[in-house]
Amino acid sequence: MLDIRFITDRPDAVIQALKNRNSDISVEGIAALALQQRQVQQELDGLRNRRNVVSQDIGRLKKQKTNTSAMEEAMKQVSDDIRRLEESLRATEEKVMAALLLVPNIPHESVPIGADETANVEVLTWGQPGAFDFEPLNHWDIAKTLNIIDFERATKIAGARFSIMRGAGAALERALMNFMLEHNVRRGYTEVFPPILINRASMIGTGQLPKFEEELFRVVDPEFYLAPTAEVPVTNMHRDEILADEDLPLRYTAYTPCFRREAGSYGKDTRGLIRQHQFNKVELVKFVRPEDSYQELEGLTDDARDILVQLALPHRVIVLSTGDMGFSASKTYDIEVWLPGQNRYREISSCSNFEDFQARRANIRFKKADKKGTQFVHTLNGSALAIGRTVAAILENYQQKDGSVVVPEVLRPYMGAECIYDHRVYNKE
């Protein structure tokens, strides 16, 4: 959430930033509400001060045996006016907050300006896509041949965009989960295992609500939301807290199953593991000092990308343009892995700096010992990594002409196998 004073003090800058983000939010409307709030507050403060002064006068005059009935009657009207203004202030504050919750973050000055993904900028590539002496298959055909992912039975159980990992497929999913978590812990992150049922306040805190409610799976009674990403519960671990300066930065990693309705994506990626309603993911979350946040973003992106390096999977990093960034982000790097069966790069991680946007919504602050008051922390997060998409990348990049799939070397201790020939897991003779 943006600071209302930032919006009212720099309306032209905010209007241009929102225009760059393809947002049609009315800055003028928010400024008008903020002005109304200030005017009501000033009138209310004036009446409260008048009541306090007159109340003191009434008390003094009563001690002098002076008749104060007229003054007391006038104060009844003042008290009624105060109650009326308090109700008006609450209603105006709610309108201001509702408007602010729909305003996206301001892009960092280093973010390329553009309307959509065509303005994204590639900043790094790693590895060369492998050369095959046969036509490489996509991962869902490989999975069907090896009998390691069952999409048909998952559809029978739950519907489209679900999968059952089977045998070596389940083992590969589990191996990646453990490998990613252990890798992240070695890189300095503390592992946590948070709830996946999440309350409304937490969803508001990280920016999923109110704007993206149609993307979420909701439990009605009692009200909860299923985690769309571990970013939500992990960031909200420190909601309404004041952190100590000496404890920063805080770095967490977490595995959760994730649930997304994928509203608006019907007809896209209907096959395979790329766009599922339920999927597994390992996340990185940071709480940092404002002056350190962009350096920490570079480090977080490197931490996520190193998993692909360890797996020897070709990939690239792009910085998203203003028109392609997520709602809460100030700057985002997407890491895209090469999928030879689809002859294209596909996103496997988004690493973002939110500056104080989430911290302001979730009221996460820190205090420096040598300074008065508190500041909002900066929050960052990124996938390290989306497990299903990593499975897809391994199947497509490590497929062999005989239909088998070689297990990446770093995963062999977790898999107990060098190669996948079918749903069973065993070493090559």
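Model, not experiment: these values are computed from the prediction.

Trainee: Sorry if this is basic, but what is going on with the overall build of the chain here?
Mentor: The secondary structure content of the chain amounts to 13 helices and 18 strands. With the C-alpha coordinates of the chain rotated into their principal frame, the extents come out at 110 × 45 × 45 Å. The long-range fraction of contacts in the chain, counting pairs at least 24 apart against all pairs at least 6 apart in sequence, stands at 73%. Looking at the chain as shown, the accessible area adds up to about 20,700 Å², and 48% of this sits on carbon and sulfur atoms. Looking at the chain, you have 55 positive and 62 negative side-chain charges, and the mean spots of the two groups are 4 Å apart.

Trainee: Looking at this structure, I do not really get unusual backbone geometry. What am I missing?
Mentor: Keep in mind that most residues, glycine aside, have a negative phi and that most peptide bonds are trans. A cis amide bond links Asp-221 to the next residue, Pro-222, at an omega of 0°. Examined against the element boundaries, Pro-222 turns out to sit in the loop between strand 6 (218-219) and strand 7 (224-226). A positive phi angle, near 55°, is found at Asn-363, a position not held by glycine. Topologically, Asn-363 is positioned in the loop between helix 11 (357-362) and strand 14 (365-367).

Trainee: What should I look at first to understand the sheet that holds strand 4 (residues 190-192) in this one?
Mentor: Each strand in a sheet pairs with another by means of backbone hydrogen bonds, the pair being arranged parallel or else antiparallel. Read across the open sheet, the eight strands follow the order 1-11-12-13-16-10-9-4; overall the sheet is mixed. Edge positions in the sheet fall to strand 1 (121-126) and strand 4, since each of these pairs with one other strand and no more. Taking the axes of each pair of neighbouring strands and ignoring which way they run, one obtains an average angle of 25° across the sheet. As paired elements, strand 11 (residues 315-319) and strand 12 (residues 331-339) share five bridges and run antiparallel to each other. Each residue of the ladder has a partner; that of Val-317, found in strand 12, is Ile-335. Packed onto the sheet, helix 12 (residues 387-397) meets strand 9 (250-259), strand 10 (278-288), strand 12, strand 13 (344-353) and strand 16 (378-386) and runs at close to 40° relative to strand 16.

Trainee: In this structure, what is going on with the packing of aromatic side chains? I would like to understand it.
Mentor: For any pair of aromatic rings, the description consists of the separation of the ring centres together with the inter-plane angle of the planes. Overall, the coordinates contain seven aromatic pairs when judged by the stated rule. Arranged with centres 6.1 Å apart and planes meeting at 75°, the rings of Phe-179 and Tyr-414 form a pair that is edge-to-face. Residue Phe-179 is located in helix 7 (residues 168-186), and its partner Tyr-414 is located in helix 13 (residues 412-415); the two are separated by 235 residues in the primary sequence. A centroid spacing of 6.1 Å and a plane angle of 85° characterise the contact between Tyr-252 and Phe-287, whose relative ring orientation is edge-to-face.

Trainee: Where do I start with the UniProt feature "binding site: L-serine" (unreviewed entry) in the chain in this structure?
Mentor: As annotated in UniProt, the feature "binding site: L-serine" (unreviewed entry) corresponds to Thr-229, Ala-230, Glu-231, Glu-283 and Ser-383 in the numbering used here. A stretch of 155 residues holds the annotated residues, and the largest C-alpha distance among them is 9.0 Å, short enough that they meet in one place. The residues touching Glu-231, leaving out its near neighbours within four places in the chain, are Thr-206, Gln-208, Glu-283, Val-285, Phe-354, Gln-358 and Asn-381. Secondary-structure assignment places Glu-283 in strand 10. What makes Glu-283 buried here is its relative accessible area of 2%. Discounting residues that sit within four places of it in the chain, Glu-283 has contacts with Thr-229, Ala-230, Glu-231, Tyr-252, Thr-253, Ala-254, Asn-381, Gly-382, Ser-383 and Ala-384.

Trainee: Just checking my understanding: could you explain the packing of helix 5 (residues 139-146) against helix 12 for this structure?
Mentor: When two helices pack together, their arrangement is given by the angle between their axes and by how far apart the axes lie. Relative to each other, helix 5 and helix 12 sit at 80°, their axes nearing to 9 Å. Here helix 12 runs roughly perpendicular to helix 5, going by the angle between their axes. Contacts from His-139, Ile-142 and Ala-143 in helix 5 reach Ala-392, Leu-395 and Glu-396 in helix 12. In the contact of helix 5 with helix 12, the residues fall into four nonpolar, one polar and one charged.

Trainee: Looking at this structure, how should I read the pairing of strand 10?
Mentor: Across the 11 residues that make up strand 10, a large majority, 10, are buried. With 10 bridges joining them, strand 9 and strand 10 adopt antiparallel strand pairing. Across the sheet, the residue bridging to Leu-250 is Phe-287, located in strand 10. Bridge count between strand 10 and strand 16: seven bridges; the pairing is antiparallel. Within the sheet, the bridge partner assigned to Phe-287 lies in strand 16 and is Thr-379.

Trainee: Just to check I follow, could you spell out the sheet that holds strand 15 (residues 375-376) for this structure?
Mentor: The three strands lie next to each other as 8-14-15, forming an open sheet whose pairing is mixed. Sheet topology places strand 8 (242-244) and strand 15 at the edges, where each strand pairs with a single neighbour.

Trainee: Please clarify how helix 2 (residues 11-20) should be interpreted in this entry.
Mentor: Since the α-helix packs 3.6 residues into each turn, any two residues three or four apart lie on the same face. Buried within helix 2 we find Val-14, Ala-17, Leu-18 and Asn-20. Each buried residue of helix 2 lies within a common arc of 155° when the element is viewed along its axis, so the set occupies one face. In helix 2, the exposed positions that point more than 90 degrees away from the buried face belong to Asp-12 and Lys-19. Elements in contact with the buried residues of helix 2: helix 1 (4-9) and helix 3 (27-63).

Cut-offs and rules
Residues numbered from 1 in each chain as written. Predicted model: local features only at pLDDT ≥ 70, side-chain atom pairs only at ≥ 80, totals over all residues. Heavy atoms only, no water. Helix = DSSP H or I, 4+ residues; strand = E, 2+ residues; numbered from the N terminus. Contact = heavy atoms within 4.5 Å. Areas by Shrake-Rupley, 256 points an atom, 1.4 Å probe, with all protein chains shown as cover. Lys, Arg positive; Asp, Glu negative; His and termini not counted. Charge placed at Lys NZ, Arg CZ, Asp CG, Glu CD. Pairing = 2+ DSSP bridges. Axes fitted to C-alpha atoms, helices over the stretch in contact; angles between N-to-C directions. Phe/Tyr/Trp six-rings, centres within 6.5 Å; stacked < 30°, edge-to-face > 60°. UniProt positions renumbered as here; feature names shortened; annotations may be inferred. Buried < 20%, exposed > 50% of the residue type's maximum accessible area, 1.4 Å probe, protein only. Parallel < 35°, antiparallel > 145°, perpendicular 65-115°, else oblique. Nonpolar A, V, L, I, M, F, W, Y, C, P; charged D, E, K, R; others polar. Arc of directions from axis to C-beta.

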